[in-house]
Amino acid sequence: MWFSICARNTRGRNVGSMRVLIVEDEPYLAEAIRDGLRLEAIAADIAGDGDTAQELLSVNSYDIAVLDRDIPGPTGDEIARRIVASGSGMPILMLTAADRLDDKASGFELGADDYLTKPFELLELVLRLRALDRRRAHNRPPVREIAGLRLDPFRREVYRDGRYVALTRKQFAVLEVLVTAEGGVVSAEELLERAWDENADPFTNAVRITVSALRKRLGEPGIIATVAGVGYRIETGPGTGREGGDRG
């Protein structure tokens, strides 16, 4: 076993709800960590490889990612790079058997916020996760409100006229860019640059498809206006969300 469970319980010091993604290819270890964290009121999902990790990150919101660097598919290092490139600000805790200083240095250079070497005690992992969560809470971005939309970047939640709207990570990222513009026009190129990574195909129709799906999630009346030949913006006045062209 790569860690031991300390008898000391820290639930009384829980600072709030937390959801963690554990990226670990040793199933028994991953399940033991998950079960141990749940005893500490910390929700946890498991990804046994890089592809599964990317899928879970694209559809769920996590407060912290716990990454083993040596996993099948995209490595933990590559997952870390993508998290950093997404601009989500999600803290990363590297979990690895490599304990050399240069290994740790390379992990921090990739964007890791903390490092825990196997073997370890579960209590230490819990304390480090809570420390990262507190640090993140202290630096939380402001809640933004516009035209009946309420977007909370820290909790990754969106409400429209008091109704919760479930969004994918990419839809949330696009909406966050539009809301931050406060009614200003944002080009498709800028959305692609800010909501996707640097490897995105500049000729892709991903922006149009994502905006279309986002409109459906937000419901009627339409609130995302298309400014023909220019881009998109949040419609702050009465209307259908159309301007100078179709809704594509």
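Owing to the predicted nature of the structure, the values given are computational and were not obtained by experimental measurement.

**Student:** I keep staring at the side chain of arginine 169 and nothing clicks. Help me out?
**Tutor:** Mapped onto the elements, arginine 169 comes out in helix 6 (residues 169–180). Although arginine 169 is buried, it forms no salt bridge, and the closest oppositely charged side chain is glutamate 176 at an N-O distance of 8.2 Å. Setting aside residues no more than four positions away along its own chain, arginine 169 makes contact with Leu57, Ser58, Asn60, Ser61, Tyr62, Ser88, Met90 and Arg156.

**Student:** Looking at this structure, I do not really get the environment of arginine 81. What am I missing?
**Tutor:** Residue placement: arginine 81 occurs in helix 3 (residues 76–86). Given a relative accessible area of 42%, arginine 81 falls into the partly exposed group. Put simply, arginine 81 and alanine 112 are 31 residues apart on the chain and 9.3 Å apart in space, counted from C-alpha to C-alpha.

**Student:** I'm lost on the nonpolar core in this one. Help?
**Tutor:** Formed by 27 residues in total, the largest nonpolar core has its most connected members in Leu149, Val158, Leu175, Leu218, Ile224 and Ile234. Those elements that place two or more of their residues in this core are strand 9 (149–152), helix 6, helix 7 (188–195), helix 8 (206–218) and strand 13 (231–234). Per element, the largest residue contribution to this core is seven residues, and it comes from helix 6. Once residues lying within four places of it in the same chain are set aside, the contact partners of leucine 218 are Leu149, Val158, Arg160, Arg163, Val165, Leu175, Ile223 and Ile224.

**Student:** How should the sheet that holds strand 8 (residues 144–146) be read in this particular structure?
**Tutor:** The strands making up a sheet associate through hydrogen bonds between their backbones, and the pairing can be parallel or antiparallel. The sheet built from four strands is open, its strands ordered 8-9-10-11 with antiparallel pairing. Both edges of this open sheet fall to strand 8 and strand 11 (163–165), since each of them pairs with a single strand only. Averaged over all pairs of adjacent strands, the angle between their axes in this sheet comes to 25°, without regard to strand direction. In the sheet, strand 9 pairs with strand 10 (residues 157–160) via four bridges, with the strands oriented antiparallel. In the sheet register, aspartate 152 faces strand 10, and the bridge partner there is glutamate 157. Along the sheet, helix 6 makes contact with strand 8, strand 9 and strand 10, crossing strand 9 at roughly 115°. Together, strand 9, strand 10 and strand 11 form the strand contacts of helix 8, whose direction differs from that of strand 11 by roughly 155°.

**Student:** How do you make sense of the packing of aromatic side chains when you look at a structure like this?
**Tutor:** Within a pair of aromatic rings, the relevant descriptors are the distance that separates the centres and the angle that separates the planes. With the rule as written, the count across this model stands at one aromatic pair. Taken together, a centroid distance of 5.5 Å and an interplanar angle of 65° make the contact between tyrosine 159 and tyrosine 164 edge-to-face. On the accessibility criterion, tyrosine 159 (26% relative accessible area) is partly exposed. Residue tyrosine 164 is classed as partly exposed on the basis of its relative accessible area of 43%.

**Student:** It is not clear to me how the pattern of salt bridges should be interpreted in this structure. Could you clarify?
**Tutor:** Any two side chains of opposite charge can pair, on the condition that their charged atoms come close. For the structure on display, the rule yields 15 salt bridges. Across the salt bridge formed by arginine 82 and glutamate 78, the nearest N and O atoms sit 2.9 Å from each other. Of this pair, arginine 82 and glutamate 78 are both found in helix 3, four residues apart, which corresponds to roughly one turn of the helix. When the shortest N-O distance is used, the salt bridge between glutamate 235 and arginine 233 registers 3.6 Å. Considered together, glutamate 235 and arginine 233 belong to a single accessibility category, that of buried residues. Among the charged side chains, a network of salt bridges with common partners joins Glu24, Glu26, Asp68 and Lys118.

**Student:** How should I be thinking about the layout of surface pockets in this particular structure?
**Tutor:** If a probe as big as a water molecule is rolled over the atoms, it shows which places are left empty. Size it by volume and the largest pocket reaches roughly 640 Å³. Contributing to the lining of the largest pocket are 22 residues, with Arg82, Ser86, Arg169, Lys170 and Ala195 lying nearest its centre. The element contributing the most residues to the lining of the largest pocket is helix 6, with six residues. Residues belonging to the lining of the largest pocket are distributed by class as follows: nine nonpolar, six polar and seven charged. Looking at which domains feed residues into the lining of the largest pocket, each of domain 1 (19–139) and domain 2 (144–234) supplies at least three.

Definitions and cut-offs
Sequence order sets the numbering: in each chain, residues are counted from 1 along the sequence as written. Per-residue local features are limited, in this predicted model, to residues with pLDDT of at least 70; the limit for side-chain atom pairs, both in listing and counting, is 80 or more; totals at the level of whole chains, interfaces and linings are taken over all residues. Note: side-chain values were computed over all heavy atoms of the structure, leaving out hydrogens and water. Note on conventions: DSSP H or I runs of at least 4 residues are helices, E runs of at least 2 residues are strands, and numbering of each starts at the N terminus. Accessible area is worked out with a 1.4 Å probe on protein chains only. A residue is then buried under 20% of its type maximum, exposed over 50%, and partly exposed in between. In summary, the charge assignment counts Lys and Arg as positive and Asp and Glu as negative, without counting His or the chain termini. Just to be clear on terms, a salt bridge is a Lys or Arg side-chain nitrogen sitting within 4 Å of an Asp or Glu carboxyl oxygen. Here a residue-residue contact requires only that any non-hydrogen atoms of the pair lie within 4.5 Å. As used in this record, nonpolar core signifies buried Ala, Val, Leu, Ile, Met, Phe, Trp, Tyr and Cys residues forming a set joined through side-chain atoms within 4.5 Å. Strand pairing follows a simple DSSP-based rule, namely that at least 2 bridges must link the two strands. Fitted lines through C-alpha atoms give the axes, limited to the stretch in contact for helices. The angle between two N-to-C directions lies from 0 to 180 degrees. Two rings belonging to Phe, Tyr or Trp (six-membered ring only in the last case) form a pair when the distance between their centres is within 6.5 Å. Interplanar angles under 30 degrees mark stacking, angles over 60 mark edge-to-face geometry, and anything in between is tilted. A 1.4 Å probe that fits into a set of points on a 1 Å grid over the protein atoms alone but cannot get out defines a cavity; an open set with protein on both sides within 12 Å along at least five of seven lines defines a pocket, and lining residues are those with an atom within 4 Å of a point. Grid points are joined across faces, edges and corners, and a volume is the space filled by probe spheres set on the points. Under the convention adopted here, Pro, Cys and the residues Ala, Val, Leu, Ile, Met, Phe, Trp and Tyr are nonpolar, Asp, Glu, Lys and Arg are charged, and Gly plus all remaining residues are polar. Domain limits in this description derive from either an automatic procedure or a database domain assignment.

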